[in-house]
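An overview of the molecular structure
Listed below are the residues making up each chain.
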Amino acid sequence: MTNLIRAELQKLFTTRLWWAMALVMLALTSLGLVFLITTAGAPAPNGQPALPALDDPAWLPLALSNANGNIFTMILGIVLMTGEYRYQTITGTFLTTPKRGRVIAAKLGAGVIIGAFFAVVSLLFTAVVAVTAVLIGGGAVDLTANRIPQLAVGVLATMILYALFGIGLGALVRNQVAALIGGIVWAFVIESVLSSFPALQTVGKWLPGGAAQALMSIDFDTGLGESNLLPAWGGALVLIGYALLFAVVANLTTTRRDIT
Amino acid sequence: MTAIEIRNLSKSFGAVRAVDDVSFTVEAGTVTGYLGPNGAGKTTTLRSLLGLVTPDSGEALVNGRRYAGLDHPLNEVGAVLEATSFHPGRTARDHLRIMTTAAGLPASRPDEALEQVGLADAARKRVGGFSLGMRQRLALAGALLGQPKIFILDEPANGLDPAGIQWLRGFLRHLAHDTGAAVLVSSHVLAEVEQTVDNVVIIAKGRLVRQGSLAELTGNGGGAVRVKTKDDFAPALRAAGAEVEEVEPGVLKVRGLDAEEIGRLALDQRVLLTEVAHERSDLQSVFLELTGEGAGA
Ligand SMILES: Nc1ncnc2c1ncn2[C@@H]1O[C@H](COP(=O)(O)OP(=O)(O)OP(=O)(O)O)[C@@H](O)[C@H]1O
Ligand SMILES: [Mg+2]
C-alpha cells in the first residue's frame, strides 16, 4: 500500500496542477490577510469596532483561521480521481493495480498527505505574515494562547478531510467538470448559506462545511444569533463519515464499471 | 501451463453482442494474431482478458488465473491497449516511474524500457508533444517494465511508420521465439502481422471464424484454381464435380479439381485455356473470405 500511495503522490507532483493550486491558494490567503490587516481595529459603521485591532490578542486567531484553503485540497482531491477518467489513465492504473479498491484506498492515503502538505504551507505562510503584522502593530505574540493551537489543528484536519471529500466526490461523479462545479457550488453557495445562519444550522451542521466550522470552533458572533454547531470532534467525525461514505459508494458503483 | 486461455467468452453491450462464445488459447513461445474487421470484438476480448471489462459469461485467464486476481500483474502480463492514454503534461519517464513505483519494480526499469523501445532521447519530454508512433512505443515500454512472459497487444502497429512496423515485427518475434513469451497481438490490417505470427485467430461480428497455424490457413488457399478461358467451360467443370464461380467475364474460380485435372478436362473438351493457376491465397484473401468482407468486392 505504501508503494501505491507513493505512486499517487507521484501522479500529482509530476504534473503542474499542484503548484498552480498552491500559488492561487497563497494569493487568496494573501488577499485575506491584507484585508484583515488593513481593517484591523477600524470601526464598523455603527461605531463598534468590527475587527479586533492588531495588538488585540483576538486578532491573531482570526488571521490564522483565514489560512483555511479547504477549497483547494477539495479540488486536488477531485482532480486526483477524475483526472484518471479525463485522460483515460485509469486503464493503466487498473492494469497495474487490478484490485480496484486498493487504488481508491491509496488515493485516500495520498489525499491525507496532500491535504496536510497544503495545510502546513498555508499555515506557515499565514503565521509568518500575521505574526510580523502583530509585532509591527505593537502587539505581543503568544502562539499557545487564544485557541491558536486548536485553530491550527482545525485547519490541518479540515484541509485533509476536504481532500478526502474531493476524492470521494470524484470517484462518484467521474466527470471532472461536473465534479468540480458541483463541489465548488456546494461548498461556496449551498453550504455557506446553510451553515452561516444559525436558524439553518440544524441542517448545516451535518454538512461538510458546517462540520469544518465546528472542527475549527469558529464561533464568531455574526450578529445573527447564537450558532448551533457540533462539537469539534463531532465535526471531524462527520467529515470522515462523508469521505468514507463516498469512497464506499464509489467502490460499489464506479469502480465496478467496465473500462472500455 | 497455457499462457492465455479464453473459454466460451461472451460479452454484450446493450443489444450489441460484442463477443459471442469465443474460445482459443495462446501458448508460450508463439505469436498469435487476433484478426478481425473493425467492430469484430477484438478489443472487448483483450479488455476482458485484462480484467477491465467483466464478461457476461465464460472465462479469460492468464497463467490459469484471472488477471484481477494477480498480485504482481506487471511481472506476468505486459499490455498495450488501443488508444492507450497518458497525461499530456507528464514526461515519458515520469509515466513509467509511476507504474514502477506502484508495481514495486526496480527504479532502473523505466530507463531500460525506454532504451529498449528506442525512446531514450525523448524520456524527459512531455507526452503531450509525442507523435502517435512515439505514444505506441511508450505504451510498449510500459508493457516491458515488469519483464513479463505474456504480452497482450491491441493494434500496437497503429501509428507506426513502415520502419516502426518492421521494428515491431522483429521485436515481437524476438519476444516469443528468443525469450519464450506468449504474444497475443490484434490487428485489422493483415499485412501488419502476416509476417510475424505463428498462429491466427480470426473473429468477425463477435464470433470466432477460424483458428489455426498460419500454414494451415494459407496452405492451399482452400484449393481454388483460377482459370482463364474465352470458351464456355463452366458446365463441363460442374459436370466433373467442381464448384465454379465466374469471378469476372472469362475468369473462373474453380474448387474441387486441381490444375492438372482441369487441364485434362480442357484437353478432352477441346477448350482453350489461357491461364491455369492455383489461387495464390495470401492471408488477406483468406481473411476477407472468412470475415465476409470480400463478398461483392
Ligand atoms: N463501451 C461500449 N459500449 C457499447 N458498445 C460497445 C462498447 N465497446 C464496444 N462496443 C461494441 O462492441 C463491438 C465490438 O467492439 P470492439 O471494440 O471489441 O471491436 P474491435 O474488434 O476492437 O474493433 P476495431 O478494429 O475497430 O478496434 C462493436 O460493435 C462496438 O460498437
Ligand atoms: Mg479494437
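Residues numbered from 1 in each chain as written. Chains lettered and ligands numbered in written order. Predicted model: local features only at pLDDT ≥ 70, side-chain atom pairs only at ≥ 80, totals over all residues. Heavy atoms only, no water.

1. Regarding a nonpolar patch on the surface
The test is simple: Nonpolar side chains (Val, Leu, Ile, Met, Phe, Trp, Tyr) within 5 Å and like charges within 9 Å form the patches, drawn only from residues with over 30% relative accessible area and no salt bridge. Accessible surface area values rest on a Shrake-Rupley calculation with a 1.4 Å probe, where residue burial reflects the displayed protein chains alone. The rule for a salt bridge is simple: a side-chain nitrogen of Lys or Arg has to be within 4 Å of a carboxyl oxygen of Asp or Glu. A run of H or I in DSSP becomes a helix once it reaches four residues, and a run of E becomes a strand once it reaches two; helices and strands are each numbered from the N terminus.
Residues A:Val177, A:Ile181, A:Val185, A:Phe188, A:Val189 and A:Ile190 make up a contiguous nonpolar surface patch of roughly 530 Å² in combined accessible area. Residue position: A:Ile190 is located in helix α8 (residues 176–196).

2. A few points about helix α11 (residues 232–252) of chain A
Rules: What a helix should span is 1.5 Å times the count of its residues minus one. Pairs of residues are marked as contacts when any of their non-hydrogen atoms sit within 4.5 Å.
In a regular helix each residue adds 1.5 Å, so 21 residues correspond to 30 Å; α11(A) covers 30 Å between its end C-alpha atoms and thus fits that length. Summarising the contacts, the buried residues of α11(A) are in contact with α6 (100–136), α7 (148–173) and α10 (208–216) of chain A.

3. Brief notes about the site of ligand 1
What counts here: Put simply, a residue is near a molecule or strand once any heavy atom of it comes within 4 Å of that molecule or strand. For the purposes of these results, a polar contact is taken to be a pair of N or O atoms within 3.5 Å, where, inside protein, one atom must be able to donate a hydrogen and its partner to accept one; residues adjacent in sequence count only when each atom of the pair is a side-chain atom. Gly is put with the polar residues, along with every residue not named as nonpolar or charged; the nonpolar set is Ala, Val, Leu, Ile, Met, Phe, Trp, Tyr, Cys and Pro, and the charged set is Asp, Glu, Lys and Arg.
Around ligand 1, the surrounding shell holds 15 residues, and the nearest of these are B:Gly39, B:Lys42, B:Thr43, B:Thr44 and B:Glu82. Mapping the residues adjacent to ligand 1 onto the chains of the assembly identifies chains A and B. The side chain of B:Lys42 places a nitrogen or oxygen atom 2.7 Å from an oxygen atom of ligand 1. The contact in question runs from an oxygen atom of ligand 1 to an N or O atom on the side chain of B:Glu155, over 3.3 Å. Protein burial of ligand 1: of its 630 Å² of free accessible surface, 67% is covered by the chains. Elements with a minimum of two residues in the shell around ligand 1: β2 (16–26) and α1 (42–49) of chain B. Among the elements that take part in the shell around ligand 1, α1(B) stands out by supplying three residues, more than any other. For the shell around ligand 1, the per-class residue count stands at five nonpolar, seven polar and three charged.

4. Brief notes about the packing of helix α3 (residues 92–103) of chain B against helix α4 (residues 109–116) of chain B
Between two packed helices, both the angle of their axes relative to each other and the distance between the axes serve to describe the pair. Residues and elements named next belong to chain B. Applicable threshold: Only the stretch in contact is used when fitting a helix axis, every axis being a line fitted to C-alpha atoms; angles between N-to-C directions are given from 0 to 180 degrees. We call two directions roughly parallel when the angle between them is under 35 degrees, roughly antiparallel when it is over 145, roughly perpendicular when it lies between 65 and 115, and oblique otherwise. Two helices cross in a left-handed way if the nearer one is turned anticlockwise from the farther one by less than a right angle. They cross in a right-handed way if the turn is clockwise.
Close contact between α3 and α4 brings their axes to 9 Å; oriented N to C, the two are set at 130°. Judged by the angle between their axes, α3 and α4 are oblique. Two packed elements cross with a definite hand, and for α3 against α4 that hand is right-handed. Where α3 abuts α4, its residues Ala92, Arg93, Leu96, Arg97 and Thr100 lie against Pro110, Asp111 and Leu114. Residue composition of the contact of α3 with α4, grouped by class: four nonpolar, one polar and three charged.

5. Some thoughts on the environment of A:Ala152
Residue placement: A:Ala152 occurs in helix α7. Those residues in contact with A:Ala152 that lie beyond four places of it in its chain are A:Leu64 and A:Leu123.

6. Some thoughts on the interface of chain B and chain A
Where interface size is given, it is often the accessible area lost as the parts come together that is meant. Let me state the cut-off plainly: The term buried area means the drop in 1.4 Å probe accessible area that two parts suffer when joined, counted for both and summed.
Residue-level contacts link 33 residues of chain B with 24 residues of chain A. Regarding the contact of chain B and chain A, the summed buried area is about 2400 Å², with carbon and sulfur atoms giving 57% of it. The largest share of the area that chain B buries against chain A comes from B:Leu52, B:Ile98 and B:Thr101, three residues that together contribute 24% of it. One can count two salt bridges joining chain B with chain A. For B:Lys11, the salt bridge goes to A:Asp258, with nearest N and O atoms at 2.7 Å. For the pair chain B and chain A, the number of links is 12 residue pairs in polar contact (both at pLDDT 80 or more). Secondary structure elements with two or more residues in the side of chain B that touches chain A: β1 (4–13), α2 (73–76) and α3 of chain B. Tallying contributions element by element places α3(B) first for the side of chain B that touches chain A, with seven residues. Split by residue class, the side of chain B that touches chain A holds 18 nonpolar, eight polar and seven charged.

7. Quick word on the sheet that holds β2(B)
Residues and elements named next belong to chain B. Definition in use: Strands are labelled as partners when DSSP assigns at least two bridges between them.
Reading across from one edge, β2-β1-β4 is the order of the three strands in this open sheet, with antiparallel pairing throughout. Two strands in the sheet have a free side with no partner beyond their single neighbour: β2 and β4 (57–62). Neighbouring strand axes in the sheet, compared pairwise and without regard to direction, differ in orientation by 20° on average. In the sheet, β1 pairs with β4 via five bridges, with the strands oriented antiparallel. Across the sheet, residue glutamate 5 finds its bridge partner in β4, namely leucine 61. Along the sheet, α1 makes contact with β1, β2 and β4, crossing β1 at roughly 120°.

8. Brief notes about the confidence of the model for chain A
Close reading of the predicted structure is inappropriate where its pLDDT is low. Rules: Confidence of the prediction at every residue is given by pLDDT, a number between 0 and 100.
Scored by pLDDT, chain A has a mean of 83; 92% of the residues are at 70 or more. Confidence drops under a pLDDT of 50 for residues 219–225 of chain A, and excluding neighbours within four residues, the segment shows six contacts in the predicted structure.

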